[in-house]
Amino acid sequence: MTLRQIHQLIPFNRLFKLVLGMALVLQLVIITYNHFSGYHELHGFDALVLRIVRGVFYSMIAGFAIAYPDLFVIQHLNKSLQWSKGVLKRAVLQFTAMLIIATAVSSILTTFAHWVNSYPQGLQNVLFNNMLIYCVVNAFFMSILEAWIYFNDSTKEKVRSEKNRIIYEAQIRMEEEKNRYAKQLLEQEKRLNKHLEDEIKKREIITGQLKESREQLNSILTNLAGAAYRCYLDDHYTMKYISEKIYDITGYHASDFIGNDQLTFASIIHPDDQEFCRHRILQASMEKRHYEFEYRIIHKNGQEVWVNENGKGIYDEGEDLRFLDGIIIDISRRKEAEMDAKDSEKKYQDLLNLLPQPVFELNLQGEVVLSNKAGDAFFGSLPNDTNRRQSALDCFIPEDRPRIIENFKKSAHGIDTEPGEFTAIKIDGSLCPVMVFGNPIVRNGETVGRRGIIVDISERKKQEEKLIKAKKELERINNTLEKSVAERTKQLTEANTQLLKVQKENLQSQFEVLKQQVNPHFLFNSLNVLTSLIKIDPDLAESFTERLSKVYRYVLENKEKDLVSLSTELEFLYAYLFLLDIRFMKKLKINIKIDKVYHDYQILPIAIQLIIENAIKHNTFSRAQPLNIEIFVDNHQQLNIINNLNVRETKFVSTGVGLENIHRRYALVSDQSPEFTQTSEQFIARLPLLNPNKIETE
């Protein structure tokens, strides 16, 4: 316990007065007792004063030396053992502490005083007397301190109680005043609350309407295909607002552009397009009209992105431009699709230009909208002005036009038409017999025109005319019975020889015509498939174009050959089967099992393809019931081509390109003949494989 804490119990000035008073009283009692008892007589007034001063000084030292320990003991016992908890125990402990303190202090001070000025009576006698005196004095002194502290604590408690009472009464008065004022405030608050409730209800209605409007606006902006914006027409196109959709287009967040926080919108416009964009916007703003244009921006990842921007200027009452409002849409995929489509169309046109026969496309008005180089050479180049397109009817003689119109009407209704013979008018005005193959052009389930290919059959017609002349000559000779037998026999022999020669030439001509007519069958169907693939899958269309080019290259390279090796024919067949697989979507199953020992054997070119096309033409099939074709070589060195039968109900008109022609072609190159057999479940074609070492040449 510190002196400050002790002085909180009794202030120092009061403690000083108490010690001083007790020291004076004590010295007067001791001096008087010693003088009259003869223990220590005084000799004069000076001795009395000196004794009093010295005694008071020592007594005060002793008083303070006793007072502080006493106060410490009293304070400690008041905390740990109050009088109410144990009077006897407290009295014993406090009395014991008092004796110890008095004995210790008296011993120290008496010894010190004797050291300063020796007692004539001796230290022991004085020490014993002082101990008794100090014990009595300390008992009295501790009682005074205990009473003082008790009185002081009681006074403080009364003061504290009175203070608390006053504070309590003041609080009550304050609470009453507060309650009165609170009632006034409550009345006022009720009035304000009612008014506030009305205002809140109005604000809630307005807030709900505003929230709904914001949600509608956010929903509209979120579902927009592009980023909506409002900007200033300055050098940076400073954004006042732009929707977060801009992140999907540029890779930058909307907050990066607003107020040019991180970058300006002008900085991501492609350098080559910046002047173009500004010119279009300025021109539209001056004319107070909408603007729409396409340009490139630089994505955050460095790639170019094509966008379409559509907007208009917002003007104030003074007709001054304030903002630009618009929308920016990512059109990169559309641009890529357009480029892919252009590339595919170019490849498609290049492929058409490789064909020696004219290829054409007509619109619903019967006007020529597309042709290849052979078509341009046949009918003339297409005009650049779409309003001056040439009618397809002008390319044929008037007698054939009704049949052409009829076929075109069928195509307009999506009905396939059979190939027909017509007389065409070439660009030089000459007439040419042709065979026209055509089918409707269907896009998105709607017929938009007609596509076809034209085959020149002039040579075939010439051979037919020769046959007719030979027949007439033979009839004339047979009717001339008046002539001699020898002359008649000679003429008959000559005529027969000429007939055989003409027949052989006719067969050869039919073979050449056949090879020309084979091309339109699979080429025309393939072009239809290719047109659809260009729109759906440009990559697959490119592969399809490569295989189609390979097929047609084979036809062109082997056009003049009577026989080809089986391996060469198989290479052509695999490319052709790829086209069929794309065309019929897994509805065909073709299994080829041919040993390599037969790869050098000879076979008619395109013969296998004709038989497969014949099976496709005369049978119906689907994924559930596919057309199964087996191709293998039997023990008689014959190539077997076997397909299951599911005969179509619709009958096709023969064009002369078929099994009989294969018979005749084999007759031109070999004495072996093909065999064609049909059972209730299968159609079997057996084509002789000719050993290259045993082929007879004429």
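All chains use their own residue numbering, which begins from 1 and follows the written sequence. Restriction of local features to residues with pLDDT of at least 70 applies here, the model being predicted, together with a cutoff of 80 or more for giving and counting side-chain atom pairs; totals for whole chains, interfaces and linings are based on all residues. Think of the side-chain values as coming from all heavy atoms in the structure, minus any hydrogens and water.

**Student:** Looking at this model, I keep getting lost on the sheet that holds strand β5 (residues 321-330). Mind explaining?
**Tutor:** Backbone hydrogen bonds are what pair the strands of a sheet, in a parallel or an antiparallel way. An order of β2-β1-β5-β4-β3 is seen for the five strands of this open sheet, with the pairing classed as antiparallel. At either end of the open sheet lies a strand with only one pairing partner, and these are β2 (239-242) and β3 (291-298). Strand-to-strand twist of the sheet, defined as the mean angle between neighbouring strand axes without regard to direction, takes the value 25 degrees. Pairing between strands is defined by DSSP: at least two bridges between the two strands are required. Helix and strand assignments follow DSSP, with helices taken as H or I runs no shorter than four residues and strands as E runs no shorter than two, numbered in order from the N terminus. As paired elements, strand β1 (residues 226-231) and β2 share three bridges and run antiparallel to each other. Among the inter-strand pairings, Cys-231 is bridged to a residue of β2, identified as Met-239. Contact definition: two residues touch when any of their heavy atoms are within 4.5 Å. Between N-to-C directions, angles span 0 to 180 degrees; the directions come from axes that are lines fitted to C-alpha atoms, helices contributing only their stretch in contact. Strand contacts of helix α8 (residues 274-286): β3, β4 (304-315) and β5, with the helix running at about 155 degrees to β3, the strand carrying the most contacts. Taken strand by strand, helix α9 (residues 332-354) contacts β3, β4 and β5, and its axis lies near 125 degrees from that of β4.

**Student:** So what exactly am I meant to see when it comes to the sheet that holds strand β6 (residues 359-363) here?
**Tutor:** The strand order across the open sheet built from five strands is β7-β6-β10-β9-β8, with neighbouring strands paired in antiparallel fashion. Edge positions in the sheet fall to β7 (368-371) and β8 (420-425), since each has one partner strand and no second. Across the sheet, the axes of successive neighbouring strands diverge by a mean angle of 35 degrees, strand direction being ignored. Two elements, strand β9 (residues 431-443) and strand β10 (residues 446-456), share ten bridges in a ladder whose sense is antiparallel. Looking across to β10, one finds that Asn-439 is bridged to Arg-451. Here α9 sits on the sheet in contact with β6, β7 and β10, set at roughly 75 degrees to β7. On the sheet, helix α11 (residues 401-412) packs against β6, β8, β9 and β10 and is oriented at approximately 140 degrees with respect to β10.

**Student:** How do you make sense of the nonpolar core when you look at a structure like this?
**Tutor:** As a rule of thumb, nonpolar side chains are buried together in soluble globular proteins. Grouped together as the largest cluster of nonpolar side chains are 67 residues, with contacts concentrated most on Ile-612, Ile-631 and Leu-639. Top element by residues in this core is helix α15 (residues 566-584). It accounts for eleven residues. Within this scheme, the nonpolar core is defined by two criteria: the residues are buried Ala, Val, Leu, Ile, Met, Phe, Trp, Tyr or Cys, and they are joined through side-chain atoms within 4.5 Å. The cut-offs for exposure are 20% and 50% of the maximum accessible area for each residue type, with area from a 1.4 Å probe on protein chains only; residues under the lower value are buried, those over the upper are exposed, and the others partly exposed.

**Student:** Looking at this model, I keep getting lost on empty space enclosed by the protein. Mind explaining?
**Tutor:** Where empty space is left can be seen by rolling a probe of water-molecule size over the atoms. Method remark: on a 1 Å grid restricted to protein atoms, a set of points is classed as a cavity if a 1.4 Å probe fits but cannot get out and as a pocket if it is open with protein on both sides within 12 Å along at least five of seven lines; lining residues have an atom within 4 Å of a point. Grid points are joined across faces, edges and corners, and a volume is the space filled by probe spheres set on the points. For the coordinates displayed, the defined rule picks out five cavities of 30 Å³ or more. Quantified by volume, the largest cavity comes out at close to 70 Å³. Along the walls of the largest cavity sit 13 residues, with Tyr-237, Phe-265, Ile-281, Tyr-295 and Glu-309 positioned nearest its centre. Residue classes in the lining of the largest cavity are distributed as twelve nonpolar, no polar and one charged. Charged means Asp, Glu, Lys or Arg here, nonpolar means Ala, Val, Leu, Ile, Met, Phe, Trp, Tyr, Cys or Pro, and polar covers whatever is left, Gly included.

**Student:** Teacher, can you tell me more about a nonpolar patch on the surface here?
**Tutor:** Nonpolar side chains (Val, Leu, Ile, Met, Phe, Trp, Tyr) within 5 Å and like charges within 9 Å form the patches, drawn only from residues with over 30% relative accessible area and no salt bridge. Computed by Shrake-Rupley with a 1.4 Å probe, the accessible areas treat only the displayed protein chains as cover when residues are assessed. Put simply, a salt bridge is a Lys or Arg side-chain nitrogen that is within 4 Å of an Asp or Glu carboxyl oxygen. Side chains of Phe-45, Val-49 and Val-53 sit close together on the surface and give an oily, nonpolar patch of about 290 Å² of accessible area. By relative accessible area, Phe-45 is classed as exposed at 60%.

**Student:** I'm lost on α9 in this one. Help?
**Tutor:** Two residues of an α-helix separated by three or four positions point the same way, owing to the 3.6 residues in each turn. A helix is expected to span 1.5 Å multiplied by its residue count minus one. With 23 residues, α9 ought to run about 33 Å at 1.5 Å a step, and its terminal C-alpha atoms sit 33 Å apart, in line with that. Those residues of α9 that sit buried are Ser-332, Lys-335, Ala-341, Ser-344, Tyr-348, Leu-351 and Leu-352.

**Student:** What is the right way to look at the packing of α9 against helix α14 (residues 538-557) in this model?
**Tutor:** For any two helices packed against each other, one specifies the inter-axial angle together with the distance between the axes. The geometry of α9 relative to α14 is characterised by a closest axis approach of 11 Å and an angle of 10 degrees between their N-to-C directions. On the basis of their axis angle, the class for α9 and α14 is roughly parallel. Contact with α9, carried on its side by Asp-340, Ser-344, Lys-347, Leu-351 and Leu-354, involves Pro-538, Glu-542, Thr-545, Leu-548, Ser-549, Tyr-552 and Leu-556 of α14 and no other residues of that element. Should an angle lie under 35 degrees it is considered roughly parallel, over 145 roughly antiparallel, and from 65 to 115 roughly perpendicular; all remaining angles are considered oblique.

**Student:** What is the right way to look at the pairing of β6 in this model?
**Tutor:** Remember that side chains alternate between the two faces of the sheet whenever the strand is regular. Counting buried residues along β6, five of its five residues qualify, which places the element largely inside the surrounding structure. Burial along β6 is two-sided: the face carrying Val-359, Glu-361 and Asn-363 and the face carrying Phe-360 and Leu-362 are both buried. The pairing of β6 with β7 spans three bridges and is antiparallel. Bridging from a neighbouring strand, Glu-361 pairs with Leu-370 of β7. Between the end of β6 and the start of β7, which pair antiparallel, lie four residues, with Gly-366 showing a positive phi angle near 80 degrees.

**Student:** What is the right way to read unusual backbone geometry from this model?
**Tutor:** Trans is the prevailing form of peptide bonds, just as negative phi is the prevailing case for residues other than glycine. Of note, Asn-260 is a non-glycine position whose phi angle comes to about 55 degrees, a positive value. For Asn-260, the location among the structural elements is in the loop between α7 (254-257) and α8. Overall, the relative accessible area of 24% leaves Asn-260 in the partly exposed class.

**Student:** Before we go on, may I ask you to explain the packing of aromatic side chains in this structure?
**Tutor:** Paired rings are identified among Phe, Tyr and Trp, the last through its six-membered ring, by centres lying within 6.5 Å, and are further divided according to the angle between planes into stacked (under 30 degrees), edge-to-face (over 60) and tilted (the rest). Counted under the stated rule, the structure contains twelve aromatic pairs. Between Phe-276 and Phe-293, the aromatic rings sit 5.7 Å apart at their centres with planes inclined by 90 degrees, giving edge-to-face as the arrangement. Taken together, the residues span a long stretch of sequence, with Phe-276 in helix α8 and Phe-293 in strand β3 at a distance of 17 residues. On the basis of relative accessibility, which here comes to 32%, the residue Phe-276 falls in the partly exposed class. Members of the aromatic cluster, connected to one another through ring pairs, are Phe-276, Tyr-291, Phe-293 and Tyr-295. A ring is scored as having a charge over it whenever the NZ atom of a lysine or the CZ atom of an arginine sits within 6 Å of its centre and within 35 degrees of its normal. The ring of Tyr-315 has Lys-288 sitting right over it, with the charged end atom 4.9 Å from the ring centre. If you follow Lys-335 out to its NZ or CZ, it ends over the ring of Trp-306, 4.5 Å from the centre.

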